[in-house]
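Analysis of the macromolecular model
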Amino acid sequence: MQIKTYRGTSYSSLIRKIKGELGTDAVILSSDCISSNGNKCYEVVAALENGTDNTAQETCPSVNPKLDQRMDMDWRMEWENFKNSFFKIIKSNIPGPSITKRQKQILEYLEKQGVHPEVIMDLWSSMAENIHLPTLKVLGDVVPTISWDKCLSSSRIHALVGPSGAGKTTTILRLALDARRKGPDKRICLVNTDTNHAGGRLYLKHYADLSGLDYMEVKSTSHWQDLAAKKSSYDLIFVDTPGLGDDTEPLSREIRELLSMHCHLVMSPVYGSAQIDHYLAGLPCTDGLKSIIWTKIDEACNHGVLINTSWKTRLPVSYFSFGKSLRQCSSPATQESLWMLIFKKQLPKGSPAAD
């Protein structure tokens, strides 16, 4: 285990430095406010479990990738349990910066909602350093939202990436119908790249035909080049991709740059934190991600994972999807709807998508 001691005048800057040097899996062993040369400063001791599996995998390729994934998942769950248990032991002994009683109640609630201990400590520090700001403003800096209209105006082509079953295909249809409702004359094309699964493919094509949307399938590099040549004839293009972990070629950097494509991560809070961390570790296009779209938010018992994921990826939330129909079951994300969902369990008001 690697253990390092950090000192500085700002608690939150120390936390950011720890995350930058040791990563988000680092554990805070102790935190104290001390006096150095007559000046007040903070001392934080952090630890990181040294991994040796990567070297072994480089020298000895695995013969059973599924077993490796299962072992990796088990390790992540054990490490998560260790962090949570260790945090419970030490948090009562951490003086930390001063925050109000109301803010402590908020952090306690978020902890019960499944927000990671390291995120709680970061929020604690940010609240103390910005005691003059409204609490929701501080929270919003950790879990930002971005206007979906702004996302659409920034690029003509948008791809949704995420695990199988997260709701990418249904969300694409909702996004396309919502765009059609706002602009009846818009030329919209739905592109399917997951040609190995007939169910999603037929579903997307069926509703594209019913809604008067163009439909295209991409199976090779030449198809991507054809799409690049045709993209100027469309106002919006939505791309459905294979599920993470499927034995298919992901969207390469060359393809994304060729099409000036923006990618959006589709996740569901139904997945546990360890499962989402596993998906994030295997993302093929992290540098091209612009936002997070949360689906099936009506099926989750808590929504702390929304905070954990934005904190880990630094991605804003852009859209919510929920329910089973295509009408009034999705909504652009706002700070108000985000925190009403987390604190009040109140679903956003759905957009009345066109018939």
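Now for a look at the structure at hand. (Residues numbered from 1 in each chain as written. Predicted model: local features only at pLDDT ≥ 70, side-chain atom pairs only at ≥ 80, totals over all residues. Heavy atoms only, no water.)

**Description of the overall build of the chain**
What counts, and what does not: Only DSSP runs of H or I reaching four residues or more are called helices, and only runs of E reaching two or more are called strands; each is numbered from the N terminus. Whether two residues touch is decided by their heavy atoms; if any such pair falls within 4.5 Å, the residues are in contact. Under the convention used here, a 1.4 Å probe and the Shrake-Rupley method define accessible areas, while residue burial counts only the protein chains that appear.
Looking only at helices and strands, the chain has 14 helices and 11 strands in total. Long-range pairs, those at least 24 residues apart, make up 74% of the contacts in the chain between residues at least 6 apart in sequence. Roughly 17600 Å² of accessible area belongs to the chain as shown, and the carbon and sulfur atoms make up 50% of that amount.

**Focus: the side chain of His 262**
As a reminder, the rule being used: Here a polar contact means two N or O atoms within 3.5 Å. Within protein one must be a hydrogen donor candidate and the other an acceptor candidate, and residues neighboring in sequence count only if both atoms are side-chain atoms.
Here His 262 shows up in strand β8 (residues 262–267). At a separation of 3.2 Å, a polar atom in the side chain of His 262 contacts the side chain of Ser 154. Apart from the residues within four sequence positions on either side, His 262 is in contact with Ser 154, Ser 155, Ile 157, His 158, Ala 159, Gly 288 and Lys 290.

**Overview of helix α6 (residues 135–142)**
Counted only if it meets this: Each residue gets one of three labels from its accessible area relative to the maximum for its type: buried under 20%, exposed over 50%, partly exposed in between, using a 1.4 Å probe on protein chains only.
Within the span of α6, buried status applies to Thr 135, Val 138, Leu 139, Gly 140 and Val 142. Packed against the buried residues of α6 are α4 (101–112), α5 (117–129), α13 (304–313) and α14 (335–344).

**Some details on the packing of α6 against α14**
Heads up, the rule is: Axis definition: a line fitted to C-alpha atoms, limited for helices to the stretch in contact. Angles are taken between N-to-C directions and run from 0 to 180 degrees. Note on angle classes: values under 35 degrees are labelled roughly parallel, values over 145 roughly antiparallel, values of 65 to 115 roughly perpendicular, and the remainder oblique. Classification used: nonpolar for Ala, Val, Leu, Ile, Met, Phe, Trp, Tyr, Cys and Pro, charged for Asp, Glu, Lys and Arg, polar for all others including Gly.
Packing of α6 against α14 leaves a shortest axis separation of 11 Å and a crossing angle of 100°. Classified by the interaxial angle, the pair formed by α6 and α14 is roughly perpendicular. Here Leu 136, Leu 139 and Gly 140 of α6 lie close against α14, whose contacting residues are Gln 335, Trp 339 and Phe 343. When the residues that make up the contact of α6 with α14 are grouped by side-chain class, the tally is four nonpolar, two polar and no charged.

**Focus on the packing of aromatic side chains**
Our working definition: Any pair of Phe, Tyr and Trp rings, taking the six-membered ring for Trp, is counted once the centres come within 6.5 Å. Such a pair is stacked with planes under 30 degrees apart, edge-to-face with planes over 60 apart, and tilted for the rest.
Summed over all chains, the structure comprises five aromatic pairs. Where Tyr 271 meets Tyr 279, the ring centres are 5.5 Å apart and the plane angle is 70°; that geometry is what we call edge-to-face. Given the relative accessible area of 16%, Tyr 279 is considered buried. An aromatic cluster is built from Tyr 109, Trp 339 and Phe 343, whose rings are joined through pairwise contacts.

**Description of the environment of Val 317**
With respect to the element layout, Val 317 can be found in strand β10 (residues 317–321). When the C-alpha positions of Val 317 and Thr 334 are compared, they lie 8.2 Å apart, and in sequence the two are 17 residues distant.

**Thoughts on the pairing of strand β4 (residues 157–161)**
Defined as follows: Strand pairing requires that DSSP identify at least two bridges connecting the strands.
For β4, a buried count of five out of five residues is recorded, marking the element as mostly surrounded by other parts of the structure. Burial along β4 is two-sided: the face carrying Ile 157, Ala 159 and Val 161 and the face carrying His 158 and Leu 160 are both buried. Direction of pairing for β4 relative to strand β7 (residues 236–240): parallel, over a ladder of four bridges. By the bridge assignment for β7, His 158 is matched with Phe 238. Direction of pairing for β4 relative to β8: parallel, over a ladder of four bridges. Bridge pairing in β8 places Ala 159 opposite Cys 263.

**Considerations on the pattern of salt bridges**
Short version of the rule: Here, a salt bridge means any side-chain nitrogen of Lys or Arg that lies within 4 Å of a carboxyl oxygen of Asp or Glu.
A complete count under the given rule lists seven salt bridges for this structure. One network of salt bridges, with partners in common, ties together Asp 149, Asp 178, Arg 181 and Lys 182.

**A word on helix α12 (residues 273–281)**
Across the nine residues that make up α12, a large majority, seven, are buried. Looking only at α12, the buried set comprises Ser 273, Ala 274, Ile 276, Asp 277, His 278, Tyr 279 and Leu 280.

**Some remarks on the nonpolar core**
Selection rule: Definition used in this section: a nonpolar core is a set of buried Ala, Val, Leu, Ile, Met, Phe, Trp, Tyr and Cys residues joined via side-chain atoms within 4.5 Å.
Among the nonpolar cores identified, the biggest contains 80 residues, and Leu 110, Leu 190, Trp 224, Phe 238, Met 261, Trp 294 and Phe 320 are the most heavily contacted of them. Those residues in contact with Phe 238 that lie beyond four places of it in its chain are Trp 148, Leu 152, His 158, Ile 172, Leu 175, Ala 176, Ile 188, Cys 189, Leu 190 and Val 191. Counting residues in hydrophobic clusters, the runner-up holds 12 residues, among them Leu 14, Ile 15, Leu 22 and Ala 26.

**Overview of the environment of His 262**
For His 262, a relative accessible area of 16% gives the class buried. In this structure the C-alpha to C-alpha distance between His 262 and Leu 160, which are 102 residues apart in sequence, comes to 8.7 Å.

**Quick word on the sheet that holds strand β6 (residues 214–217)**
With mixed pairing, the eight strands of this open sheet are ordered in space as β6-β5-β7-β4-β8-β9-β10-β11. Strands at the two margins of the open sheet, each flanked by one partner only, are β6 and β11 (330–332). Pairs of neighbouring strands in the sheet enclose a mean axial angle of 25°, with direction left out of account. Here strand β5 (residues 188–192) pairs with β7 via five bridges, running parallel. Bridge pairing in β7 places Leu 190 opposite Phe 238. Relative to the sheet, helix α8 (residues 168–182) contacts β4, β5, β7, β8, β9 (289–294), β10 and β11, its axis offset from that of β7 by approximately 170°.

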